[in-house]
Protein chains: 2
Amino acid sequence: MSAEIMRALQPDQQRLLQAINDLANIVEPDTPGWTRRFPSGAYLRGREWLRTRMQNAGLSTRIDAAGNLLAERAGSADLPPILIGSHTDTVLGGGRYDGILGVLGAIEVAQCLDEAGVTLRHPLIVADFLAEEANDYGISCVGSRALAGNFKPEWLDRTLNGLTLADAIRAVGGTPEALGTPLASKGAVAACLELHIEQGPVLDQRGKLLAAVNGIVGIQRGTLVLQGQPDHAGTTPMELRRDALATAAVIISTLEALCRDEPQAVGTVGRLEVSPNQSNVIPGTVTLTAEIRSLDAEILEHTWQALWEAATAAAQQRGVALELLALTSTPPALAERWLVDLVHQVCRRLDDGAIVLPSGAGHDSSQLAQLAPTAMIFVPSIGGRSHCPEEATTPEHLVLGVAALAHAVVAVDQALDAEGHGQ
Amino acid sequence: MSAEIMRALQPDQQRLLQAINDLANIVEPDTPGWTRRFPSGAYLRGREWLRTRMQNAGLSTRIDAAGNLLAERAGSADLPPILIGSHTDTVLGGGRYDGILGVLGAIEVAQCLDEAGVTLRHPLIVADFLAEEANDYGISCVGSRALAGNFKPEWLDRTLNGLTLADAIRAVGGTPEALGTPLASKGAVAACLELHIEQGPVLDQRGKLLAAVNGIVGIQRGTLVLQGQPDHAGTTPMELRRDALATAAVIISTLEALCRDEPQAVGTVGRLEVSPNQSNVIPGTVTLTAEIRSLDAEILEHTWQALWEAATAAAQQRGVALELLALTSTPPALAERWLVDLVHQVCRRLDDGAIVLPSGAGHDSSQLAQLAPTAMIFVPSIGGRSHCPEEATTPEHLVLGVAALAHAVVAVDQALDAEGHGQ
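For every chain, the first residue of the written sequence is number 1, and numbering continues from 1 along that sequence. Chain letters and ligand numbers both follow the written order, the letters beginning at A and the numbers at 1. Per-residue local features are limited, in this predicted model, to residues with pLDDT of at least 70; the limit for side-chain atom pairs, both in listing and counting, is 80 or more; totals at the level of whole chains, interfaces and linings are taken over all residues. Values reported for side chains reflect all heavy atoms of the structure, with hydrogen atoms and water molecules removed beforehand.

Asks: What should I look at first to understand the overall build of chain A in this one?
Replies: For the purposes of this entry, the term helix denotes a DSSP run of H or I that reaches at least four residues, the term strand denotes a run of E that reaches at least two, and both are numbered from the N terminus. Helices and strands together make up the secondary structure of chain A, namely 12 helices and 15 strands. In terms of its C-alpha atoms, chain A occupies a principal-axis envelope of roughly 80 × 50 × 40 Å. Relative to its 423 residues, chain A shows a buried fraction of 59%. Pairs of residues are marked as contacts when any of their non-hydrogen atoms sit within 4.5 Å. Pairs at least 24 residues apart make up 77% of the contacts formed inside chain A by residues separated by at least 6 positions. Note on areas: Shrake-Rupley with a 1.4 Å probe; residue coverage comes only from the protein chains shown. Carbon and sulfur atoms form 48% of the exposed surface of chain A, whose accessible area is close to 15,800 Å². We count Lys and Arg on the positive side and Asp and Glu on the negative side, and we leave His and both chain ends out. To locate a charge, take NZ of a lysine, CZ of an arginine, CG of an aspartate or CD of a glutamate. Separation between the mean location of the 30 positive side-chain charges and that of the 49 negative ones in chain A comes to 1 Å. Three labels apply to residues, based on accessible area from a 1.4 Å probe with only protein chains included: buried if under 20% of the type maximum, exposed if over 50%, partly exposed otherwise in between.

Here it is in structure tokens:
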């Protein structure tokens, strides 16, 4: 990439902030923070606003069968497109940046490419993927999942407030009956890039401004039920107790210790319920959900195994029955090395200290990675806060992220050979 | 006590079981188990039945200012009475024996004393103490507390379903305006004896039939609030977490270890709430209630101190704020040594293996001990179960307990000197 192009690619901070602010004004009534969930009226109105914003940026828009809103900028060669974007739905009580920066930043990239007079070889598609956040239909990444062929047609019958998922997809302009086979085949997309807020504290704490994301961690998550006996807390000697909470405590501490010893994993017991939950009764039943996340599938596997063994021993010692109620395994999604290296180089030109980081949260990119080489760029989240009204990134970091995305698009456009491989 | 009297003192098993069964039929509608809570209609009806039962046993009944139902059998000398009894209220979903055995067994004692032709020197009072179980007014041992002068007049204004505690005491025939000063002064009662089911597994597990109770354990109970930060479980590295539940786990395990190492104490975290309690969010806040019980005030004190130090260290390590929200200290109530020895001797005559045991649960006796020498007798609880519909004691053990109470009454009547001291 020439120094001239780099200098010329200047996102317009005022225009970007105005767009973020405009979309933040379109929210569900009587909800905390900035709430715009699929399939609420606010979400639909937000997408109408977005479509207009895309068209005003000179892009030609369409909605695919899965309800993804796609806006295209032409390329000079007969090549598959580079896809950039994210999502505009939020969690209940969410913030103004999660997903949104990736979509509005992608439009800004298209505009500053125009303004810098850059013609790409590949077409560029700005995407607003449908319904990325977990919603009350129980499905996340609806749009990107359908693109990658991971959408199950039986989900279409799920109903929320009398509205089936099929109805909801139809309401945004999708064609639910076409889902179930991948909307795009491998090779139909040249590469995917997603700009996102980190949603964690690493960049903020280390004083770094940009990260190239080398993958999205896998998640091993299980719900454990511990069944002891709810005896009287005063009359039952320690050696005759079957205390489910004392057993749970060992599990919680073991998971913490295992993940403190393993820099490549984090582990959490986030949910725990005690029954009968009375101060003078020994806990008879505890239900808890434990999860481990890592970019390394082997670490996921053996850390879960070690946790399970410790749980079994702790339960056995206390005469408590241990049952695994539900176990879900989401494998890690690793980005291709050449693409991570390229994005990292681009980031380091804009921030000397730019780092490489895995994503601990799920993203549309983990679906897109099954279609084409995919990478992400992170900007700092102040205090690591996300999924809450306090979610924030400084204007300077927002714009820097958009500049990194623009530069990465140009770099990828140049690096890809005719077979879609990085050079 | 002569061998003749011992042989003659034979409780009537059929009559005792019939009484237990009759009272068990008087319960609140639409509640689980055998529920008869103060101040429900079932409780009032149960007491009417009980008053008739007492009168049919030849006892003269009255209700004192606190609403205790008292039934007197005359003595031969001008001496203060020996008080025997317990309570007839239950917890929600309770059983048929807790408290009830102590009252109906005491009536049976009066009857078999009559039938054996035994005249005691001391008057004998059979008592049904008002409202022993914790109730929704937030006060346990209402009647015995008032007897001992531990009832606070300001409690009378507490209201439940529009009924003040004063109204509820008046409804059972009490005179609430007279409360606030002790109803009985020290010396006005010669001694107190309470027969009760163990409500724990020790007798059942060890195959013993009777225990002389050497005191009621003190309770040190505190509610701890742990305030960490509810960050994203995927994006927050272990070293940047402020996990309130991981901190709580250390507290739970420490309490278990401390009390396993100290045979004279038991400790429990029975209640624990997590917020926001979502599988993918690090627990931001945990509120838990920890309690320690022991007959030894020093053990209570230093075990609580050790727990607090461990909690402080665990919280500090994790950047979690630790607050003690509420702390209640109930001191141990030790029975007088001579009385425990006497009751133990009596029990061993009926069961070679009778043991001495502290009570881990609270009882009216802990209030009565402030008025006069007080001891308890325990019979086995099958499987240690109590405060549940499954609460049970075999008919043989029920009758054996009543026989032990009868023998203890005769022994105490003979042992007490004019100043109320044991010989």
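Asks: Got a minute to help me understand the sheet that holds strand 11 (residues 285–294) of chain B in this structure?
Replies: Sheet strands pair via backbone hydrogen bonds, and the direction of the pair is either parallel or antiparallel. Residues and elements named next belong to chain B. The rule for pairing is simple: two strands pair if DSSP sees at least two bridges between them. Strand order in this open sheet of 4 strands is 10-11-9-12, and the pairing throughout is antiparallel. Across the chains shown, the open sheet's two edge strands, defined by having one partner strand only, are strand 10 (265–275) and strand 12 (321–330). Between one strand and the next, the sheet's axes are offset by a mean angle of 15°, whatever the strand orientation. Sheet topology note: the strand 9 (residues 218–227)/strand 12 ladder contains 9 bridges and is antiparallel. Along strand 12, the bridge assignment pairs Gln220 with Ser329. Axes here refer to lines fitted to C-alpha atoms; in helices the fit is confined to the stretch in contact. Angles between the N-to-C directions go from 0 to 180 degrees.

Asks: Is there a simple way to explain the side chain of Thr35 of chain B in this structure?
Replies: All names here are of chain B. The residue Thr35 is located in the loop between helix 2 (13–24) and helix 3 (41–56) in this model. Pairs of N or O atoms are called polar contacts if they sit within 3.5 Å, as long as, within protein, a hydrogen donor faces a hydrogen acceptor (for residues adjacent in sequence, only side-chain-to-side-chain pairs). Here Pro32 takes part through its backbone oxygen, which lies 2.7 Å from a polar atom of the side chain of Thr35. Dropping the residues within four chain positions of it, Thr35 is found in contact with Val27, Glu28, Thr90, Val91, Leu92, Gly93 and Gly94.

Asks: How should the sheet that holds strand 11 (residues 285–294) of chain A be read in this particular structure?
Replies: All names here are of chain A. A sheet is described by the order of its strands in space; here 4 strands give the open sequence 10-11-9-12, paired in antiparallel fashion. One side of each edge strand has no neighbouring strand; the edge strands of this open sheet are strand 10 (265–275) and strand 12 (321–330). Taking each pair of neighbouring strands and ignoring which way they run, the sheet shows an average axis angle of 15°. Of the strand pairs in this sheet, strand 9 (residues 218–227) and strand 11 are connected by 10 bridges, and their pairing is antiparallel. The partner of Val225 across the bridge, within strand 11, is Thr287. Strands strand 9, strand 10 and strand 11 of the sheet are contacted by helix 8 (residues 244–261), whose axis makes an angle of about 170° with strand 10.

Asks: Just checking my understanding: could you explain the domain arrangement of chain A for this structure?
Replies: You'll often see interface size given as the accessible area lost when the parts meet. All names here are of chain A. Reported domain spans reflect what an automatic or database domain assignment gives. Partitioning chain A into domains gives domain 1 (3–217 + 333–415) and domain 2 (219–330). The C-alpha-based centres of domain 1 and domain 2 are spaced at 37 Å. The interface of domain 1 with domain 2 comprises 9 residues on the first partner and 4 residues on the second. Note on domain 1 versus domain 2: buried area summed over both sides is about 450 Å², and carbon and sulfur give 69% of it. Think of a salt bridge as a Lys or Arg side-chain nitrogen and an Asp or Glu carboxyl oxygen that are within 4 Å of each other. Where domain 1 packs against domain 2, one counts 0 salt bridges. Where domain 1 packs against domain 2, one counts 1 residue pair in polar contact (both at pLDDT 80 or more). Elements with a minimum of two residues in the side of domain 1 that touches domain 2: strand 8 (211–216) and strand 13 (333–334). Top contributing element to the side of domain 1 that touches domain 2 by residue count: strand 8, with 3 residues. Only Asp, Glu, Lys and Arg are considered charged in this grouping, and only Ala, Val, Leu, Ile, Met, Phe, Trp, Tyr, Cys and Pro are considered nonpolar; every other residue, Gly among them, is considered polar. Looking at the side of domain 1 that touches domain 2 residue by residue, the classes come out as 6 nonpolar, 3 polar and no charged. By convention, the term buried area covers the 1.4 Å-probe accessible surface removed from two parts as they join, with the contributions of both added.

Asks: Quick question: what am I supposed to make of the relation of the copies chain A and chain B here?
Replies: Here the second copy of the chain follows from the first by a rotation about an axis and a shift along it. Our superposition of the copies is a least-squares fit, built on the C-alpha atoms of residues whose pLDDT is at least 70 in both. Overlaying chain A on chain B yields an RMSD of 0.2 Å, the required transformation being a rotation through 180° with an accompanying axial translation of 0.2 Å. In short, the pair behaves as if placed about a two-fold rotation axis. Closest approach to the rotation axis among the C-alpha atoms of chain A is made by Ala249 of chain A, whose C-alpha sits 2.1 Å away. Interface residue correspondence from chain A to chain B reaches 100%, placing this contact among same-surface, isologous pairings.

Asks: Where do I start with helix 9 (residues 297–317) of chain A in this structure?
Replies: All names here are of chain A. Helix length check: helix 9 (21 residues) gives 31 Å between terminal C-alpha atoms against 30 Å at 1.5 Å per residue, within 8%. For helix 9, the N-terminal cap is Asp296; the gap from its side-chain oxygen to the backbone nitrogen of Glu298 is 2.8 Å. Once helix 9 finishes, Gly319 follows within two positions and takes phi at roughly 65°, a positive value. Under the convention used throughout, the expected extent of a helix is 1.5 Å for every residue step, that is, one less than its residue count.

Asks: Before we go on, may I ask you to explain the pattern of salt bridges in this structure?
Replies: Opposite charge on two side chains allows them to pair when their charged atoms are near. Under the defined criterion, the tally for this structure stands at 27 salt bridges over all chains. Taking the shortest distance from any N to any O, the salt bridge between Arg15 of chain A and Glu115 of chain A comes out at 2.7 Å. Linking Arg15 of chain A in helix 2 (residues 13–24) with Glu115 of chain A in helix 4 (residues 100–115), this pair joins segments that are 100 residues apart in sequence. In this structure, Arg15 of chain B engages Glu108 of chain B in a salt bridge whose closest nitrogen and oxygen atoms are separated by 2.7 Å. With a gap of 93 residues between them, Arg15 of chain B in helix 2 and Glu108 of chain B in helix 4 (residues 100–116) connect regions that are remote in the sequence. Overall, Glu108 of chain B belongs to the buried group, its relative accessible area being 0%.

Asks: Can you help me understand the nonpolar core in this one?
Replies: A general tendency of soluble globular proteins is for nonpolar side chains to be buried together. Core analysis: the largest hydrophobic core is formed by 60 residues, its most contacted members being Ile84, Leu104, Leu113, Leu193, Ile377, Leu405 and Val409 of chain A. By residue number, the principal contributor to this core is helix 12 (residues 395–415) of chain A, which donates 13 residues. When sequence neighbours within four positions are dropped, the list of residues in contact with Ile377 of chain A reads Glu194, Leu195, His196, Leu210, Ala211, Val213, Val343, Cys347, Ala404, Leu405 and Ala408 of chain A. In terms of nonpolar packing, the next biggest core, distinct from the first, is built from 59 residues, Met54, Val126, Ala191 and Leu195 of chain B among them. Nonpolar cores were defined as sets of buried Ala, Val, Leu, Ile, Met, Phe, Trp, Tyr and Cys residues, with membership established by side-chain atoms within 4.5 Å.

Asks: Quick question: what am I supposed to make of the interface of chain A and chain B here?
Replies: Chain A puts 52 residues into the contact, and the matching count from chain B is 52 residues. Approximately 4,300 Å² of surface area, both sides summed, lies buried where chain A meets chain B, with 56% of it carried by carbon and sulfur atoms. Three residues, Met238, Asn277 and Ser279 of chain A, lead the burial of chain A against chain B; their summed loss comes to 15% of the area buried on that side. At the junction of chain A with chain B, the criterion picks out 2 salt bridges. Among the salt bridges present, the one from Glu256 of chain B reaches Arg318 of chain A, with a minimum N-O distance of 2.8 Å. Counting every contact that joins chain A to chain B gives 16 residue pairs in polar contact (both at pLDDT 80 or more). Broken down by secondary-structure element, the contributors of at least two residues to the side of chain A that touches chain B are helix 7 (202–206), helix 8, strand 10 and strand 11 of chain A.

Asks: Is there a simple way to explain helix 9 (residues 297–317) of chain B in this structure?
Replies: At 3.6 residues per turn, the α-helix brings residues three or four places apart onto the same side. All names here are of chain B. Of all the residues in helix 9, the buried ones are Ile299, Leu300, Thr303, Trp304, Leu307, Ala311, Ala314 and Ala315. Seen end-on, helix 9 carries its buried residues on one side only, within an arc spanning 125°. Turned more than 90 degrees away from the buried face of helix 9 sit Glu298, Gln316 and Gln317, all of them exposed. Residues of helix 9 that are buried in the fold lie against strand 9, helix 8 (244–261), strand 10, strand 11 and strand 12. Here the arc refers to the set of directions running from the helix axis out to each C-beta atom.

Asks: Even after reading the chapter, I still don't get the packing of helix 2 of chain A against helix 3 (residues 41–56) of chain A, so can you show me in this structure?
Replies: Between two packed helices, both the angle of their axes relative to each other and the distance between the axes serve to describe the pair. Residue and element names in this part refer to chain A. Close contact between helix 2 and helix 3 brings their axes to 10 Å; oriented N to C, the two are set at 155°. Classed by the angle they form, the pair helix 2 and helix 3 counts as roughly antiparallel. As for the relative orientation of helix 2 and helix 3, their crossing is right-handed in sense. Together, Arg15, Ala19, Asp22 and Leu23 of helix 2 and Gly46, Trp49 and Arg53 of helix 3 make up the contact between the two elements. Geometric relationships in this document are graded by angle, where less than 35 degrees denotes roughly parallel, more than 145 denotes roughly antiparallel, 65 to 115 denotes roughly perpendicular, and other angles denote oblique. For any helix crossing, the convention is left-handed if the near helix is rotated counterclockwise from the far helix by under a right angle, and right-handed if that rotation is clockwise.

Asks: Whenever I open this one, the packing of aromatic side chains confuses me. Can you help?
Replies: How two aromatic rings sit relative to each other is set out by the distance from centre to centre and by the angle between their planes. Working definition: a ring pair exists when centres of Phe, Tyr or Trp rings (six-membered ring for Trp) sit within 6.5 Å. Plane angles under 30 degrees give stacked, over 60 give edge-to-face, the rest tilted. This structure, assessed with the given rule, holds 6 aromatic pairs over all chains. Considering the side-chain rings of Phe38 of chain B and Tyr43 of chain B, the 5.9 Å spacing of their centres and the 85° angle between planes classify their relative orientation as edge-to-face. Members of the aromatic cluster, connected to one another through ring pairs, are Phe38, Tyr43 and Tyr137 of chain A. Charge-over-ring contacts are defined here by two conditions on Lys NZ or Arg CZ: a distance within 6 Å of the ring centre and an angle within 35 degrees of the ring normal. When the ring centre of Trp34 of chain A is taken as reference, the NZ or CZ atom of Arg96 of chain A above it lies at 4.2 Å.

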